[in-house]
Amino acid sequence: MRRLLMAALTLGLPGSAFGQSSLPPLDLDLNDPASEETEVRGVVQPKDEAVIAADITVTVLEMPFREGQSFHKGDLLVAFDCRRFNADIEAAKANLAAATATLRSNQELASYNAVGSLELRQSQAAVASASAEVRALEARAVNCEIRAPFNGRVVETMINAFETPAENQPLMQILDDSQLELHVVVPSRWLVWLREGDEFEFLVDETGTSHLATVQRLGASVDPVSQTIKVIGTFADRPERVLAGMSGVAAFREKAN
């Protein structure tokens, strides 16, 4: 006979509503048979999230998207004033062209034994050094434009256009809420019957609505102190009013063995 099983959990939400969160152990007495007949609380998490930063110190020219706005993968999120970088790249390419011309000249002279082997090796090294300089500058210039890694929304912007952030300073926090995840922690003894693909109900505190969800995957390890394991689920259908960071109650039903 199937009976409703739920377990009590107090969630410590992070300072930022959408930041990385860690679920504290269940406050359960696992030696008490009645402890399973309480509530299992969970938190709604985005499929993907990221804090955008850049390893260059230049002025921001453009930030087209503001907090709460949606964007698509590949859209421009941040554009920097990289005229100095572009000028440095052109200068480095000119040095590479000059070093290459010198090398070709020395190679031709070497065919007539008109140049020493040391001078030839030096010109070869000059080309390699100039080429490496071009690649290094071009690699840094890639950060002159930051484009969206996935479809999503802007959670928070930490800087405005025409400001100059420090190197690796956070610029923007983004998330992909196209598919929300449910993170709950349950007693590890539930592994006797709990499986991937099992269905459960999730009642969202903020909206008061109940939604069907499915266990997507189980945690990789059991917490040996609290004897609990994390369970990650997904909504059967994406609820329109549910946002990442909301919390609620998950209700599971034990299956007969």
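The structure we're discussing is the one just above.
Residues numbered from 1 in each chain as written. Predicted model: local features only at pLDDT ≥ 70, side-chain atom pairs only at ≥ 80, totals over all residues. Heavy atoms only, no water.

### A few points about the nonpolar core
Just so we agree on the cut-off: Take the buried Ala, Val, Leu, Ile, Met, Phe, Trp, Tyr and Cys residues and link them wherever side-chain atoms come within 4.5 Å; each set so joined is a nonpolar core. Only protein chains enter the calculation, and the probe is 1.4 Å; a residue is then buried if its accessible area is under 20% of its type maximum, exposed if over 50%, and partly exposed in between. The helix and strand labels rest on DSSP assignments: H or I over at least four residues marks a helix, E over at least two residues marks a strand, and numbering proceeds from the N terminus. Note on contacts: a residue pair qualifies if any of its non-hydrogen atoms lie within 4.5 Å across the two residues.
Counting residues in hydrophobic clusters, the biggest one holds 27 residues, and the most contacted among them are Leu77, Val78, Phe80 and Met172. Mapped onto this core, the elements with two or more residues apiece are strand E6 (76–80), helix H1 (83–110), helix H2 (117–141) and strand E9 (170–176). Discounting chain neighbours no more than four positions away, the residues touching Val78 are Val60, Glu62, Met63, Cys144, Glu145, Ile146, Leu171 and Met172. Counting 24 residues, the second largest nonpolar core, distinct from the first, contains Val40, Val155, Leu182 and Phe202.

### Focus: the sheet that holds strand E4 (residues 60–62)
Rules: Strand pairing is defined by DSSP finding a minimum of two bridges between the two strands. Between N-to-C directions, angles cover 0 to 180 degrees, with each direction set by a line fitted to C-alpha atoms, over the stretch in contact for helices.
With antiparallel pairing, three strands are arranged side by side in an open sheet as E4-E6-E7. Every other strand in the sheet has two partners, leaving E4 and strand E7 (145–147) as the edge strands with one partner each. Sheet twist, expressed as the mean angle between neighbouring strand axes with direction ignored, is 25 degrees. Here two bridges tie E4 to E6, and the two strands are oriented antiparallel to one another. In the strand pairing of E6, Val60 is matched with Phe80.

### With respect to the packing of aromatic side chains
As a reminder of what qualifies: Planes of paired rings set the category: under 30 degrees apart is stacked, over 60 is edge-to-face and the rest tilted, where pairs are Phe, Tyr or Trp rings (Trp by its six-membered ring) whose centres lie within 6.5 Å. Put simply, a charge is over a ring when the Lys NZ or the Arg CZ is close to the ring centre, within 6 Å, and near the line of the ring normal, within 35 degrees.
All told, the structure shown has five aromatic pairs when counted by the stated rule. For the pair Trp190 and Trp193, a centre-to-centre distance of 5.3 Å together with 35 degrees between the ring planes defines the contact as tilted. As far as the burial class goes, Trp190 and Trp193 line up, both buried. Both rings, one in Phe202 and one in Phe235, keep their centres 6.2 Å apart while their planes meet at 80 degrees; by these two values the pair is edge-to-face. Remark: Phe235 occurs in strand E13 (residues 228–235) and Phe202 occurs in strand E11 (residues 199–204); sequence separation between them is 33 residues. By the burial criterion, Phe202 is buried, and Phe235 matches it. Through a chain of ring-to-ring contacts, the aromatic side chains of Trp190, Trp193, Phe200 and Phe252 assemble into a single cluster. In this arrangement the basic side chain of Arg84 is found over the ring face of Phe85, its NZ or CZ atom lying 5.2 Å from the centre.

### Some remarks on the pattern of salt bridges
Note the threshold: We count a salt bridge whenever a side-chain nitrogen from Lys or Arg sits within 4 Å of a carboxyl oxygen from Asp or Glu.
Overall, the coordinates contain seven salt bridges when judged by the stated rule. A salt bridge links Arg147 to Glu145; its shortest N-O distance comes to 3.2 Å. You can call Glu145 partly exposed: its relative accessible area is 43%. Where salt bridges share partners, they join Arg153, Asp177 and Arg238 into one cluster.

### Notes on the side chain of Ser247
As a reminder of what qualifies: The definition of a polar contact used here is a pair of N or O atoms within 3.5 Å, where within protein one atom must be able to donate a hydrogen and the other to accept one, and adjacent residues in sequence count solely through side-chain atom pairs.
Checked against the element boundaries, Ser247 lands in strand E14 (residues 247–253). Side chain to side chain, Ser247 and Arg41 meet in a polar contact 3.3 Å long. Contacts of Ser247, omitting those with residues within four sequence positions, involve Arg41, Gly42, Val43, Phe202, Leu203, Val204, Asp205 and Glu206.

### Description of the environment of Val222
Locating Val222 in the fold gives a position in the loop between strand E12 (210–218) and E13. With relative accessibility at 36%, the residue Val222 sits in the partly exposed group. Expressed as a C-alpha distance, the spacing of Val222 and Val186, which sit 36 residues apart in the sequence, is 10.0 Å. In this structure, Val222 is in contact with Ser188, Leu191, Gln227, Thr228 and Ile229, ignoring residues within four places of it in sequence.

### Things to note about the sheet that holds E9
Spatially, the four strands line up as an open sheet ordered E3-E9-E8-E5, and their pairing is antiparallel. Each having just a single partner strand, strand E3 (48–53) and strand E5 (70–71) make up the two edges of the open sheet.

### Here we look at H1
Since the α-helix advances by 3.6 residues per turn, residues separated by three or four positions end up pointing in the same direction. For clarity, the cut-off: Given the number of residues in a helix, its expected span is that number minus one, multiplied by 1.5 Å.
End to end, H1 covers 41 Å across 28 residues, agreeing with the expected 40 Å (1.5 Å per residue, within 8%). Taken as a whole, H1 has its buried residues at Phe85, Ile89, Ala92, Ala99, Leu103 and Asn106. Residues of H1 that are buried sit in contact with H2.

### Examining unusual backbone geometry
A positive phi angle, near 80 degrees, is found at Phe162, a position not held by glycine. Its place among the elements puts Phe162 in the loop between strand E8 (152–157) and E9. At Asn168, a position not held by glycine, the phi torsion is positive, near 65 degrees. For Asn168, the location among the structural elements is in the loop between E8 and E9. For Asn168, a relative accessible area of 47% corresponds to the partly exposed category.

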